[in-house]
Amino acid sequence: MADYNHRNIEPKWQRFWNDNDTFKASKDTAKPKFYALDMFPYPSGAGLHVGHPLGYIASDIVSRFKRNKGFNVLHPMGFDAFGLPAEQYAIQTGQHPAITTKENIARYKEQLKNIGFAFDWDKEVQTCDPSYYKWTQWIFMQIFNSWYDYNTQKAQHIDTLIDIFSKNGNANVNAACDEDIPEFSAEEWNAWTEKEQQLLLLKYRLTYLSETAVNWCPELGTVLSNDEVKDGFSERGGYPVIRKNMRQWSMRITAYAQRLLDGLEDIDWTEPLKEMQRNWIGKSIGAELAFQVEDSDIKIEVFTTRIDTIFGVTFLSLAPESELTQALTTPDQKEAVEAYVQQAATRSERDRMSDVKSISGVFTGSYAINPYNGEKTPVWVADYVLAGYGTGAVMAVPCGDQRDYDFAKHFDLPIVPVIAGADISEKADATKEGTMINSDFLNGLSCQDAIAKAIEFAEENRVGKGKINYRLRDAIFARQRYWGEPVPVYFKDDVPHLVDENDLPIVLPEIDKYLPTEDGDPPLGRAENFTYSPKGDDAVYPLEMSTMPGWAGSSWYWYRYMDAHNEEAFIDKEVQAYWGNVDLYIGGSEHATGHLLYSRFWNKILFDLGHVDQQEPFKKLINQGMIQGRSNFVYRVKGTNKFVSKGLKADYETIDMHVDVSLCYNDVLDTEGFKKWRPDLADAEFILEEGKYHCGWEVEKMSKSKYNVVNPDDIIERYGADTLRLYEMFLGPLEQFKPWNTNGIDGVNKFLRKLWKLFHDEQGNLAVSDTEPSKAELKALHKTIKKAQKDIERYSFNTSVSTFMICVNELSALKCNNKNVLQDLIVVISPYAPHITEELWSLLGHSESIINAAYPKFNEAFLAEDELTYPVMVNGKMRAKLQLPADFSKEQIEAAALANENVQKWLEGATPKKVIVVPKKIVNLVV
């Protein structure tokens with residue numbers, strides 16, 4: 001047998017796994033189940049770099065370990081395949097996004113298979129596949145046909161609401177709905193036309209159409225989420241983004257705000273991640289008030305958590321996008337307000353909230369009346385107020401809020417103190433301590449008592465009420481793009497209706513180009529006959545031209561993995577009940593307020609409607625850290641094509657230049673390769689140190705522009721997939737950021753070669769024995785079994801790799817070739833390095849995959865020591881070391897210490913005043 005050769009071994013076992021469906025999972029009630037899931041990737045054209053597989057390797061280790069422990073394991077993989085990048089490429093090249101996506105997925109799958117993941121590829125899903133998005137459309141239909149009943153705290157079918165309306169009207173309905181719904185009787189409801197009823201129901205549905213302020217990117221021709229906008233520009237492409245009102249599909253995630261908060265207490269997620277969701281949901285307990293506009297029927301509704309400060313209100317602020325802004329602008333202020341609104345539209349909500357230094361605003365010319373003291377209060381427009389939060393209006397209390405304070409100072413508006421002792425000479429004081437002043441009937445009360453008294457006044461005088469508010473806004477559910485799921489809706493008399501379930505999927509039609517139409521319609525407006533004819537109706541109606549957002553297909557995909565080929569349902573109920581929810585989910589924390597929140601939202605709706613049997617999708621969630629790039633630098637002497645080695649650069653005036661890390665080995669530059677790297681470097685000269693060019697280095701994010709992206713294919717070709725897997729785990733704790741440094745990978749590769757040699761003689765032939773293992777061999781093995789199992793159970797993978805190295809070193813020193821010891825060892829190592837361990841397992845005579853082997857049982861008895869070392873201290877200084885049997889009593893230990901020749905020498909014939917024996921640790925003699 002030749003030396004360890006990963007190029008032969010790894011493809012061999014990848015073929016074996018594929019040909020034998022080794023990782024295929026199905027319902028098996030005879031075994032406990034374990035569902036491991038990775039956040040599935042978007043398949044970009046760049047393929048994987050070494051940072052991408054980090055989480056996949058961790059979940060793969062756990063999955064393989066669980067198989068060894070007797071679990072039925074589901075570990076699938078798929079692709080989040082709709083999205084802007086493929087569409088932008090289609091716009092530039094004319095190539096259909098499906099072609100680009102298919103090529104990218106093929107590339108990803110090749111790379112993933114080369115790393116040896118135990119994925120059940122039979123259950124692969126691609127969100128762009130009509131057989132998949134048929135069920136995304138079906139789920140949309142379930143949500144559209146639902147309303148949220150606050151009395152029962154659950155979603156119900158819309159038919160139950162229709163029944164209530166037809167019998168009792170809506171007077172006693174406590175539902176998540178639009179704000180502008182009039183009260184109506186059963187008689188009025190029954191007298192309405194179908195269109196009137198449907199338009200009213202749209203105000204109650206969990207999916208609805210409404211005029212909404214959105215982030216509009218003209219260059220991309222689509223609406224973007226807040227997460228897709230940075231500093232007023234699109235994250236993809238860097239194009240300007242403006243705020244504008246558009247008719248959009250939305251989903252009432254706000255109905256689930258409290259349940260989304262409560263559910264965080266029942267899942268094993270990190271506290272920082274939970275806090276991100278809590279802050280995003282943003283629960284506030286306060287009051288809603290109405291300020292009557294002077295000489296007008298208009299009322300300005302505001303929400304405040306500090307109604308106790310009502311007498312400190314010196315102005316009101318409206319969001320630039322608010323409908324009230326235009327309505328309250330007087331003719332003499334019209335030009336100034338319109339210019340300000342246009343300027344504010346170029347900034348995203350996130351930018352406006354985070355920018356505390358810029359102060360801007362404009363007076364509308366109108367005044368509102370403070371309902372508590374009757375004073376006229378000027379109404380301003382300010383971009384620090386958001387239309388999507390609360391009511392889009394703020395009662396400004398400069399004494400207690402810093403932004404209001406800065407605004408008042410900037411525009412010379414009054415600042416009235418309302419809490420005794422609060423120092424507002426230089427800044428606002430948001431304290432809730434002290435008693436009220438300048439506050440009429442609230443004077444002398446504590447802040448908390450004043451809040452209760454002020455709410456009581458509001459409700460008695462019908463100017464407001466106590467209220468719980470959430471920062472969370474309803475989720476925009478539409479994109480004016482082509483490459484996304486079609487919405488299964490047609491429009492009859494401008495009213496949305498669902499297509500028949502039997503007509504799903506509504507497939508993306510072919511179009512001539514992937515841009516909005518000349519009339520400004522989304523790209524689907526270019527499709528011929530993109531229409532729908534309901535059964536029993538000869539008319540033809542237009543289909544919705546917007547597509548679903550990127551998060552639609554990823555908000556339920558873990559269920560489809562369980563039952564990927566079911567053509568009759570999105571999942572079989574018995575299959576779903578067996579697999580339950582995801583036991584381990586690994587992915588990035590950047591999805592905390594996007595995918596992870598939307599997934600929990602959809603899951604709760606599906607639970608309410610009886611389609612699944614648990615409220616939370618993911619039990620345990622781990623956010624893997626990022627593997628950062630390790631950049632290399634060369635130093636060009638200014639004005640020349642000469643490069644000086646790092647240690648000599650101080651003697652020259654140089655310019656730092658990134659160099660491709662593949663040209664550096666242990667930070668030494670391949671100078672010939674460097675000259676071939678770019679045409680302008682062909683005649684490069686080098687000033688060397690002892691015949692070598694030493695590069696500089698720095699840890700940065702992996703990026704093509706920094707030439708520090710490391711392709712896993714290159715690592716696998718040179719060292720093997722097992723080396724890559726072990727090394728990524730060895731770099732540090734899974735959750736931490738850590739730099740990639742190819743310089744350290746040799747040690748891991750040498751470890752695998754040393755493991756291989758344990759099984760072979762000097763000639764490379766298999767050489768294992770069936771002799772009885774020694775105590776030392778069993779001790780080395782069982783230390784490793786204990787540590788590795790504990791590490792995997794607490795997801796501490798880096799320490800296991802160190803343990804494996806120590807064990808192989810100890811067994812090598814013992815010249816161990818015992819078959820029973822070595823085969824148990826490779827089972828323990830196999831989740832981390834599956835290819836080499838499969839090969840060794842096979843060489844030991846096993847025909848089944850090592851993944852079906854039972855995980856070795858730890859035996860504490862093998863770690864018991866026959867002898868222990870006792871330091872003997874005389875007056876605080878160590879004077880001897882004794883090797884004594886582990887079962888010696890205190891008396892025997894004391895006698896052995898006193899009889900020791902060195903101890904006797906230091907006692908000088910004296911009898912110790914005190915002898916302290918700490919069993920298994922130390923002996924102290926005090927003379």
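One structure accompanies this document, and this report is about it.

1. Observations regarding the sheet that holds strand S22 (residues 584-587)
- Taken in spatial order, the four strands of this open sheet run S2-S1-S22-S23, and their pairing is parallel. With partners counted over all chains shown, the strands left at the sheet margins are strand S2 (72-74) and strand S23 (621-623), one partner each. Mean inter-strand twist for the sheet, computed between neighbouring axes without regard to direction, equals 15 degrees.
- Against the sheet, helix H2 (residues 54-68) touches strand S1 (33-38), S2 and S22, its axis set at about 170 degrees to S1.

2. Examining the sheet that holds strand S32 (residues 867-874)
- Spatially, four strands are ordered S33-S32-S35-S34 in an open sheet, and the strand pairing comes out mixed. In this open sheet, the two strands that pair with only one neighbour each are strand S33 (877-885) and strand S34 (914-918). Across the sheet, the axes of successive neighbouring strands diverge by a mean angle of 20 degrees, strand direction being ignored.
- In terms of strand pairing, S34 meets strand S35 (residues 922-926) through five bridges, oriented antiparallel. Bridging from a neighbouring strand, Val 917 pairs with Val 923 of S35.

3. What about the packing of aromatic side chains?
- Counted by the stated rule, this structure contains 68 aromatic pairs.
- A ring pair is formed by Phe 40 and Tyr 557, whose centres lie 3.7 Å apart and whose planes are at 10 degrees; its orientation type is stacked. A residue pair is termed long-range when its members are at least 10 positions apart, and Phe 40 in the loop between S1 and H2 and Tyr 557 in helix H16 (residues 557-562) qualify at 517 residues.
- Of the residues examined, Tyr 557 reaches a relative accessible area of 0% and is grouped as buried.
- Where Phe 643 meets Phe 674, the ring centres are 5.1 Å apart and the plane angle is 80 degrees; that geometry is what we call edge-to-face. One end of the pair, Phe 643, is in strand S25 (residues 642-644); the other, Phe 674, is in helix H19 (residues 671-677), and 31 residues separate them in sequence. Assigned by exposure class, Phe 643 and Phe 674 land together as buried.
- Three or more aromatic residues link up through ring pairs in this structure, and these residues are Phe 40, Tyr 132, Trp 135, Trp 138, Trp 556, Tyr 557, Trp 558, Tyr 559, Tyr 561, Phe 570, Tyr 585 and Phe 618.
- If you follow Arg 678 out to its NZ or CZ, it ends over the ring of Trp 677, 5.1 Å from the centre.

4. Observations regarding the side chain of Glu 838
- Examined against the element boundaries, Glu 838 turns out to sit in helix H26 (residues 834-843).
- No salt bridge is formed by the buried Glu 838, whose closest oppositely charged neighbour, Arg 64, lies at an N-O distance of 5.1 Å.
- Among the polar contacts listed, one links the side chain of Glu 838 to the backbone nitrogen of Ile 850, at a separation of 3.0 Å.
- Among all residues touching Glu 838, those that are not within four sequence positions of it are Trp 13, Trp 17, Ser 849, Ile 850 and Ile 851.

5. Focus: the pattern of salt bridges
- A full pass over the atoms with the stated rule returns 41 salt bridges.
- The partner of Glu 87 in a salt bridge is Arg 481, and the shortest N-O contact between them spans 3.0 Å. Here Arg 481 lies in the loop between strand S17 (475-476) and strand S18 (489-492) and Glu 87 lies in helix H3 (residues 84-93), a separation of 394 residues in the sequence. With respect to class, Glu 87 is no different from Arg 481; both count as buried.
- The closest approach of N and O atoms between Asp 608 and Arg 259, which form a salt bridge, is 2.9 Å. Highlighted residues: Asp 608 in helix H18 (residues 595-608) and Arg 259 in helix H9 (residues 257-263), separated in sequence by 349 residues. Across this residue pair, the class does not change: Asp 608 and Arg 259 are buried.

Calculation rules
Every residue gets a number counted from 1 within its own chain, in the order that chain's sequence is written. This being a predicted model, a pLDDT of at least 70 is required before a residue's local features are given, and a value of 80 or more before pairs of side-chain atoms are given or counted; all residues contribute to the totals for chains, interfaces and linings. As a rule here, side-chain values cover all heavy atoms of the structure and leave hydrogens and water aside. When DSSP finds two or more bridges between a pair of strands, those strands are recorded as paired. Each helix is a run of DSSP H or I of at least 4 residues and each strand a run of E of at least 2, with the numbering of both proceeding from the N terminus. Between N-to-C directions, angles cover 0 to 180 degrees, with each direction set by a line fitted to C-alpha atoms, over the stretch in contact for helices. Residues count as neighbours in contact if any of their non-hydrogen atoms are within 4.5 Å of one another. Two aromatic rings from Phe, Tyr or Trp, using only the six-membered ring of Trp, form a pair when their centres are within 6.5 Å; if the ring planes differ by under 30 degrees the pair is stacked, by over 60 it is edge-to-face, and anything between is tilted. Any residue under 20% of the maximum accessible area for its type is buried, any over 50% is exposed, and the rest in between are partly exposed; the area is computed with a 1.4 Å probe on protein chains only. The rule is short: NZ of Lys or CZ of Arg within 6 Å of the ring centre and within 35 degrees of the ring normal puts a charge over the ring. Neither His nor the chain ends is counted toward charge; the positive residues are Lys and Arg and the negative residues Asp and Glu. We define a salt bridge as a side-chain nitrogen of Lys or Arg found within 4 Å of a carboxyl oxygen belonging to Asp or Glu. Polar contacts, as counted here, are pairs of nitrogen or oxygen atoms within 3.5 Å of one another; within protein the pair requires one atom able to donate a hydrogen and one able to accept it, and residues that are adjacent in sequence qualify only if both atoms are side-chain atoms.

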